[in-house]
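Here is what each chain is made of, one letter per residue.
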Amino acid sequence: MLKDLYLLTKPRIIRLNLIAAFGGFWVGSKWDVDWLLLLWMLVGSALTMASSCVINNYWDRELDLKMARTQDRALPSGRLTPAFVLIYGIMLGIIGEVVLFVLVNPLCGWLGLLGMFVYIVIYTMWLKRSSTWSTSIGGISGAMPPVIGYCAASNTVDAGAWLLFALLFLWQPAHFWSLAIRRVEEYRAAGFPLLPVVKGIPRTKLQMIPYVLLLLPAGILMHYYGYVGQIYLIVSVLAGAVWMWHTLLGITAKDTERWAKTNFLISVNYLMLTFIIMVADTPGAAVLQP
């Protein structure tokens, strides 16, 4: 049962997003780190994300029966009851929001609520079942972790917060569509109107291009406005160029399955690498002072 409760939170998603939240906090703190505040931000962010994922599992339980990769989840398999899972998800969200509002700051609490609302209501309950825009609009919630991290340290929404939002918002569609292309028939059988299901795989490959391309200026602007140093600039541009090159290869790729798998792995490593470098190459407060 404990394993099921853990897996319901989609820990892989949480781990990746906590790296982004940590990076956002570090940029906002400029190396003047309040370690206790950082801890509470990570705890509150993890709990609100876990809540959203659990409620997502609750809402998708019947559709999960139709997909091979999700049939053995706790709800479709009957190991846990829907009512119990719903209460579990709600409690995680309440605790997470209390942590953000009380132990971090109200701004982060409201950002956490916004992320939960978009993921649960806009994405899960509405767009995921009705529109190809689900991935793009749902990306608003996925872009919240680094913004929450940044605002926890700075307690303000400025250019740094918006640029961090842009990085995660632009990263998500190409990342998810790489997975969706590989699972397109499963999503079709389950009735999810994702882009590769409705518009086809060639159209999806083309639509990835502008998102990956726009990551390049987003990273450059992070350096231009002084939030990161030259090492981040070089790494983000090179990593973005590699991902862009491979995304373009998808247009003529004969083995789409292999291409999509590689593109997915590139996207994961791109995010991890750039945010690790972001932390290491954040200028200190003294450097930023005129």
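As a reminder, the structure under discussion sits directly above these lines.
A.B. asks: Go over the overall build of the chain, please, and point to the residues and values.
C.D. replies: Along its length, the chain carries 15 helices and zero strands. A globule of 290 residues ought to have a C-alpha radius of gyration of about 19 Å, and the chain, at 19 Å, matches this closely. Its C-alpha atoms give the chain principal-axis dimensions of about 60 × 50 × 30 Å. Just so you have it, the chain exposes about 13300 Å², and 70% of that area is on carbon and sulfur atoms. Distance between charge centres in the chain, computed from 21 positive and 14 negative side chains, equals 9 Å.

A.B. asks: So, the packing of aromatic side chains: which residues are in play, and what are the values?
C.D. replies: Scanning the entire structure with this criterion turns up 14 aromatic pairs. A centroid spacing of 5.1 Å and a plane angle of 85° characterise the contact between Tyr 224 and Tyr 225, whose relative ring orientation is edge-to-face. For Tyr 224, a relative accessible area of 63% translates into the label exposed. Owing to a relative accessible area of 49%, Tyr 225 belongs among the partly exposed residues under this scheme.

A.B. asks: Tell me about a nonpolar patch on the surface, and name the residues and values.
C.D. replies: A contiguous nonpolar patch, built from Ile 87, Ile 90, Met 91, Ile 94, Ile 95, Val 98, Val 102 and Leu 103 and spanning about 710 Å² of accessible area, is present on the exposed surface. Take Ile 94: it is sitting in helix α5 (residues 82-104).

Reading guide: rules and limits
Residues numbered from 1 in each chain as written. Predicted model: local features only at pLDDT ≥ 70, side-chain atom pairs only at ≥ 80, totals over all residues. Heavy atoms only, no water. Helix = DSSP H or I, 4+ residues; strand = E, 2+ residues; numbered from the N terminus. Rg over C-alpha atoms; globule rule 2.2 N^0.38 Å. Areas by Shrake-Rupley, 256 points an atom, 1.4 Å probe, with all protein chains shown as cover. Lys, Arg positive; Asp, Glu negative; His and termini not counted. Charge placed at Lys NZ, Arg CZ, Asp CG, Glu CD. Phe/Tyr/Trp six-rings, centres within 6.5 Å; stacked < 30°, edge-to-face > 60°. Buried < 20%, exposed > 50% of the residue type's maximum accessible area, 1.4 Å probe, protein only. Patch = residues over 30% accessible without salt bridge, like charges linked within 9 Å, V, L, I, M, F, W, Y side chains within 5 Å. Salt bridge = Lys/Arg side-chain N within 4 Å of Asp/Glu carboxyl O.

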